[in-house]
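As a plain string of letters, each chain reads:
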Amino acid sequence: MFTRQDAETLDQTDPLRDYRQRFRLPEGMIYLDGNSLGPAPKSVFEELASAAGTEWADDLITSWNKAGWFKLTDTLGDRVGQLVGAAPGQCVVCDTTSINIYKALHAALSLRPDRTVIVSEGGSFPTDLYMIDGVIQTRPDLTVRLEGRDAVTLEELIDETVAVVLVNQVDYRSGRIRDMAKVTEQAHKAGAIVVWDLCHSAGNMPVDLDGCDADFAVGCSYKYLNGGPGAPAFIYAARRHHGQFRQPLSGWWGHQAPFEFNQNYQADPGIRAMLCGTQPILSLRAMKAGLDAVADVDLQLIRQKSMAMTDLFIRLVEERCEGYGLSLFSPREARMRGSQVSFRHENGFAIVQALIDRKVIGDFRKPDIMRFGFAPLYLRFADVWDAADHLEQVLRTEEWRQDRFQVKGEVT
Ligand SMILES: *Cc1c(COP(=O)(O)O)cnc(C)c1O
């Protein structure tokens, strides 16, 4: 039997144990939803106080230059780049992941003007599919092929008619990891461009965009990068594509000389061609605090702890909750799994609500999936043990049957 004492022993020797101090976490809460919204880094309050209280209030317009506001898209982009294996000058922070998907898809299509097929995953996070739909509205000649609908595997769908493959590195429901090097290589062999969605991998595992010869990538910063609710997303374009691609949201921030105020659009020769308009500086500054909190962390250590925590959670839940109708939805092999564990249960929604009532915060995804995210920077092995313990109690006492746990809010 693995005891709570054993978990505490793991915490004492955990090389990441001190990073928890960098975050403000509510007393007594076990927060397993960092895959949806990361917690507030303690430094964010000071960051926002100086951005709003000094730079905006006192220095006003001069802050665009003086405080580096105008180039935050690039300076923060380079810092995200460090976390996802991108050399400087290939990432900018801007807009939302959805908008960046739109830009990246069009950019990829512009590099393959003779091709008309988009390949993606039927089980993708829906916004990715919705944005494909939006792209097709502007290009009715395009068709889409989906894994899970048009073939069993993504690989079967990739041939020389394919312009772009849009694929998640980590699946948002199961946590399954896609082999970035392999998929990219296969797509390139067929002459296709790949757009990687890193929403569930950025910040919780080493990612090697340059090393995998990736083309484009997008991701959000409010999940494992702890950038705050609605924090701006990021977009990557490999240097070899700079000056080649064209994206349709050609606003003045993407112009090569925005303050010349020319009449004609001329795209920036570098990654700034992905920008559109003025960015939310206060949100960017909150995001900077999130990046500061991970800046000096070894992503290999994060990955090791993530695998150890998710392995432990699966083991404890399976040992202690046998016979209650749970089944593992995430890959059993840690190597194949991101930083989350999902279990299926026909009453999954109510069970998650009962856990939330006990301050164990996970979330639910249709039809019957309970998701538990394990962010190595601020969670302890004792939290993993306690979460499994609460889940066992909720199932044993059947407290999830209470009426109040059946009510769905607007956000699940
Ligand atoms: C969270 C998430 C998004 C979010 O998109 P927004 O435009 O930031 O709302 C997109 N794709 C995936 C895979 C996600 O997990």
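Since the structure is predicted, the reported quantities are computational estimates derived from the model, not experimental observations. (Residues numbered from 1 in each chain as written. Predicted model: local features only at pLDDT ≥ 70, side-chain atom pairs only at ≥ 80, totals over all residues. Heavy atoms only, no water.)

With antiparallel pairing, the four strands of this open sheet are ordered in space as β11-β12-β15-β14. Looking at which strands have only one partner, the edges of the open sheet turn out to be β11 (327–328) and β14 (363–365). With three bridges connecting them, β14 and strand β15 (residues 369–373) associate as antiparallel partners. Directly across from Arg 365, in β15, lies its bridge partner Ile 369. The sheet contacts of helix α9 (residues 299–320) involve β11, β12 (340–344) and β15, and relative to β12 the element is tilted by about 25°. (Pairing = 2+ DSSP bridges. Helix = DSSP H or I, 4+ residues; strand = E, 2+ residues; numbered from the N terminus. Contact = heavy atoms within 4.5 Å. Axes fitted to C-alpha atoms, helices over the stretch in contact; angles between N-to-C directions.)

Near the ligand you find 13 residues, and of these Ser 98, Asn 168, His 200, Tyr 222 and Lys 223 are the closest. Interatomic distance of 2.7 Å between a side-chain N/O atom of His 200 and an oxygen atom of the ligand. Between the ligand and Tyr 222 there is a distance of 2.9 Å, counted from an oxygen atom to a side-chain nitrogen or oxygen. For the ligand, the accessible surface in isolation is 390 Å², of which the surrounding protein chains cover 87%. Contributions of two or more residues to the shell around the ligand are made by α5 (97–111) and α6 (126–138). When its residues are assigned to classes, the shell around the ligand shows four nonpolar, six polar and three charged. (Near = heavy atom within 4 Å. Polar contact = N/O pair within 3.5 Å; in protein donor to acceptor, adjacent residues only side chain to side chain. Areas by Shrake-Rupley, 256 points an atom, 1.4 Å probe, with all protein chains shown as cover. Nonpolar A, V, L, I, M, F, W, Y, C, P; charged D, E, K, R; others polar.)

The next point concerns the pairing of strand β6 (residues 143–147). Where strand β5 (residues 117–121) meets β6, five bridges bridge the pair, whose relative direction is parallel. Bridge pairing in β6 places Ser 120 opposite Leu 146.

If you trace the seven strands from one edge of the open sheet to the other, you get β4-β10-β9-β8-β7-β5-β6, paired in mixed fashion. The open sheet has two edge strands with one neighbour each: β4 (91–93) and β6. When the angles between neighbouring strand axes are averaged without regard to direction, this sheet yields 15°. Here three bridges tie β4 to strand β10 (residues 234–237), and the two strands are oriented antiparallel to one another. Pairing of Val 93 across the sheet is with Phe 234, part of β10.

Turning our attention to the pattern of salt bridges. Following the criterion strictly, the structure yields 35 salt bridges and no others. With its nearest N and O atoms 2.7 Å apart, the salt bridge here joins Arg 285 to Glu 47. Of this pair, Arg 285 sits in helix α8 (residues 281–294) while Glu 47 sits in helix α2 (residues 44–56); the two residues are 238 residues apart in sequence, bridging distant segments of the chain. On the basis of relative accessible area, Arg 285 is assigned to the buried category, the value being 7%. Note that Glu 55 is salt-bridged to Arg 285, the shortest N-O span being 2.5 Å. With Glu 55 in helix α2 and Arg 285 in helix α8, this pair connects stretches of sequence that are 230 residues apart. Each of the salt bridges in this network shares a partner with another, and the network as a whole consists of Glu 47, Glu 55, Arg 79, Arg 285, Lys 288 and Asp 292. (Salt bridge = Lys/Arg side-chain N within 4 Å of Asp/Glu carboxyl O. Buried < 20%, exposed > 50% of the residue type's maximum accessible area, 1.4 Å probe, protein only.)

To continue, consider the domain arrangement of the chain. Bring the parts together and some accessible area is lost; that lost area is often taken as the interface size. Here the chain is described as being made up of domain 1 (4–16 + 298–405) and domain 2 (47–294). Computed over C-alpha atoms, the centres of domain 1 and domain 2 are 30 Å apart. Taken residue by residue, the interface counts 23 residues in domain 1 and 18 residues in domain 2. Counting the surface lost from both domain 1 and domain 2, the interface buries some 1600 Å², and carbon and sulfur atoms represent 62% of this. When the buried area of domain 1 at its contact with domain 2 is split by residue, Leu 299, Gln 340 and Leu 377 rank highest and sum to 30% of it. (Domains from an automatic or database assignment. Buried area = accessible area lost by both parts, 1.4 Å probe.)

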